[in-house]
Amino acid sequence: GTITKGQMTVRQVYADGKFLEVTGVGYEPKGEFKIDGAVAKPEGDAELLLRIGTLCNNAKLRRKEDNSWEIFGDPTEGALIVAAAKAGLGMEKLEKDFPRIREIPFTSERKCMTTVHKTPQKEVVAYMKGAPETVLEKCTLILENGKEVKLTQAKSAKVLQANEQLAGNALRVLAMAYKRLSSAAEKYEDEDIERDLVFAGLQGMIDPPREEAVKAN
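Residues numbered from 1 in each chain as written. Predicted model: local features only at pLDDT ≥ 70, side-chain atom pairs only at ≥ 80, totals over all residues. Heavy atoms only, no water.

Participant: Could you give an account of the overall build of the protein chain, naming the residues involved and the relevant values?
Facilitator: Regarding its fold elements, the protein chain presents 7 helices and 13 strands. What you see for the protein chain is a C-alpha radius of gyration of 17 Å, in line with the 17 Å of a compact globule of 217 residues. Projected onto the principal axes, the alpha-carbon positions of the protein chain cover approximately 50 × 40 × 35 Å. In the protein chain, which comprises 217 residues, the proportion classed as buried is 45%. Of the contacts formed within the protein chain by residues at least 6 apart in sequence, a portion of 60% connects residues at least 24 apart. When the accessible surface of the protein chain is totalled, it reaches about 11400 Å², and 49% of it is carbon and sulfur. (Helix = DSSP H or I, 4+ residues; strand = E, 2+ residues; numbered from the N terminus. Rg over C-alpha atoms; globule rule 2.2 N^0.38 Å. Buried < 20%, exposed > 50% of the residue type's maximum accessible area, 1.4 Å probe, protein only. Contact = heavy atoms within 4.5 Å. Areas by Shrake-Rupley, 256 points an atom, 1.4 Å probe, with all protein chains shown as cover.)

Structure, rendered in structure tokens:
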């Protein structure tokens, strides 16, 4: 008897060098964030990480008539939306505040996806999510306590170590990054958008066993 609902769920996020544990099961946007067992509201770098996960995303979270929740689209993307919602970052409001103006789609070769948005301050920003190694390679800066600092080899190694720690807990890991663009974002080539980004962090989610795997045990 497993308690998984066969629904992807973010269990840990890594931002600003810290791990936050995420509670709650399935797609219901109810849960808490904890650091070392103490409840902590995701702020600053962690909040940005969660926002990127929701906006660089093509899934939708909806409440059904029986008040349960369902995801339309990719379960991995769905898990990111739910994690942000647990932090009070609702998808509808984010999409209104940060309207998307462009997308560079995910492919299995590229291993990442990028969306471009207008911010409430009328700036233009690119948000990327993808395989940790892929995203890291496209970054030259890293976000630390709200500041963008040079992504040195040592800092890169620390991120990869955090990635291994999450993956070692049987979590599927995605990395997030961002980049400010000039207002002429429409004229950018894809390659220009997807280089010299700022690394924002990692989200690790549990990949629940498939039904047939559960029955076989």
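Next comes the rest of the write-up.
Participant: Go over the side chain of Thr134 with me, naming the residues and quoting the values.
Facilitator: Summarising the element assignment, Thr134 is placed in helix 4 (residues 132-137). Look past the residues within four positions of Thr134 in its chain and what remains in contact with it is Arg110, Lys111 and Cys112.

Participant: A description of unusual backbone geometry should follow, citing residues and the corresponding values.
Facilitator: Even without a glycine there, the phi angle at Lys111 is positive, about 60°. As for its position among the elements, Lys111 is in the loop between strand 7 (100-104) and strand 8 (112-118). Owing to a relative accessible area of 42%, Lys111 belongs among the partly exposed residues under this scheme. Even without being glycine, Lys122 reaches a positive phi, approximately 70°. Within the secondary structure layout, Lys122 lies in the loop between strand 8 and strand 9 (124-130).

Participant: Could you give an account of helix 2 (residues 75-86), with specific residues and numbers?
Facilitator: Between the first and last C-alpha of helix 2 there are 16 Å, a value that for 12 residues agrees with the 16 Å anticipated at 1.5 Å per step. With 10 of 12 residues buried, helix 2 is to be regarded as a mostly interior element. Residues Thr76, Glu77, Gly78, Ala79, Leu80, Ile81, Val82, Ala83, Ala84 and Lys86 constitute the buried set of helix 2. The opening residue of helix 2 is Asp74, an N-cap whose side-chain oxygen sits 3.0 Å from the backbone nitrogen of Thr76. At the C-terminal side of helix 2, Gly88 shows a positive phi close to 85°. (Expected span 1.5 Å × (residues − 1). Polar contact = N/O pair within 3.5 Å; in protein donor to acceptor, adjacent residues only side chain to side chain.)

Participant: Kindly report on the packing of helix 1 (residues 44-55) against helix 2, identifying the contributing residues and their values.
Facilitator: Each pair of packed helices can be described by the angle between their axes along with the distance between the axes. With their axes 8 Å apart at the nearest point, helix 1 and helix 2 run at an angle of 140° to one another. Overall, the two elements helix 1 and helix 2 adopt an arrangement that is oblique. The chirality of how helix 1 crosses helix 2 is left-handed. Every residue of helix 2 that contacts helix 1 at Leu50, Gly53 and Thr54 is listed here: Leu80, Ile81, Ala83 and Ala84. A per-class count over the contact of helix 1 with helix 2 returns 5 nonpolar, 2 polar and no charged. (Axes fitted to C-alpha atoms, helices over the stretch in contact; angles between N-to-C directions. Parallel < 35°, antiparallel > 145°, perpendicular 65-115°, else oblique. Left-handed = near helix turned anticlockwise from the far one by under 90°. Nonpolar A, V, L, I, M, F, W, Y, C, P; charged D, E, K, R; others polar.)

Participant: Now, about the pairing of strand 9: what can you tell me, with residues and values included?
Facilitator: In summary, the side chains of a regular strand alternate between the two faces of the sheet. For strand 9, a buried count of 7 out of 7 residues is recorded, marking the element as mostly surrounded by other parts of the structure. Burial of strand 9 is two-sided: the residues Val124, Ala126, Met128 and Gly130 facing one way and the residues Val125, Tyr127 and Lys129 facing the other way are all buried. When strand 8 meets strand 9, the two strands line up antiparallel, connected through 7 bridges. The residue of strand 9 that forms the bridge with Lys118 is Val124. The hairpin formed by strand 8 and strand 9 contains 5 residues between the paired strands, and Lys122 there has a positive phi angle of roughly 70°. Where strand 9 and strand 12 (residues 171-181) come together, 7 bridges link them in antiparallel fashion. (Pairing = 2+ DSSP bridges.)

Participant: Go over the nonpolar core with me, naming the residues and quoting the values.
Facilitator: Membership of the largest hydrophobic core comes to 41 residues, with the highest contact counts inside it found for Val10, Leu50, Ile52, Tyr127 and Tyr178. Excluding residues within four positions of it along the chain, Tyr178 makes contact with Leu48, Ile52, Val125, Ala126, Tyr127, Leu143, Glu148, Leu197, Val198 and Ala200. In this structure, Met128, Leu166, Val173 and Ala175 belong to the second largest nonpolar core, which totals 18 residues. (Core = buried A, V, L, I, M, F, W, Y, C linked by side-chain atoms within 4.5 Å.)

Participant: Lay out the packing of aromatic side chains with the relevant residues and their values.
Facilitator: For the coordinates displayed, the defined rule picks out 1 aromatic pair. Ring centres of Tyr14 and Phe19 lie 4.8 Å apart, and the angle between their planes is 50°; this geometry places the pair in the tilted category. Between the NZ or CZ atom of Arg62 and the centre of the ring of Phe72, over which it lies, the distance is 4.3 Å. (Phe/Tyr/Trp six-rings, centres within 6.5 Å; stacked < 30°, edge-to-face > 60°. Lys NZ or Arg CZ within 6 Å of the ring centre and 35° of its normal.)

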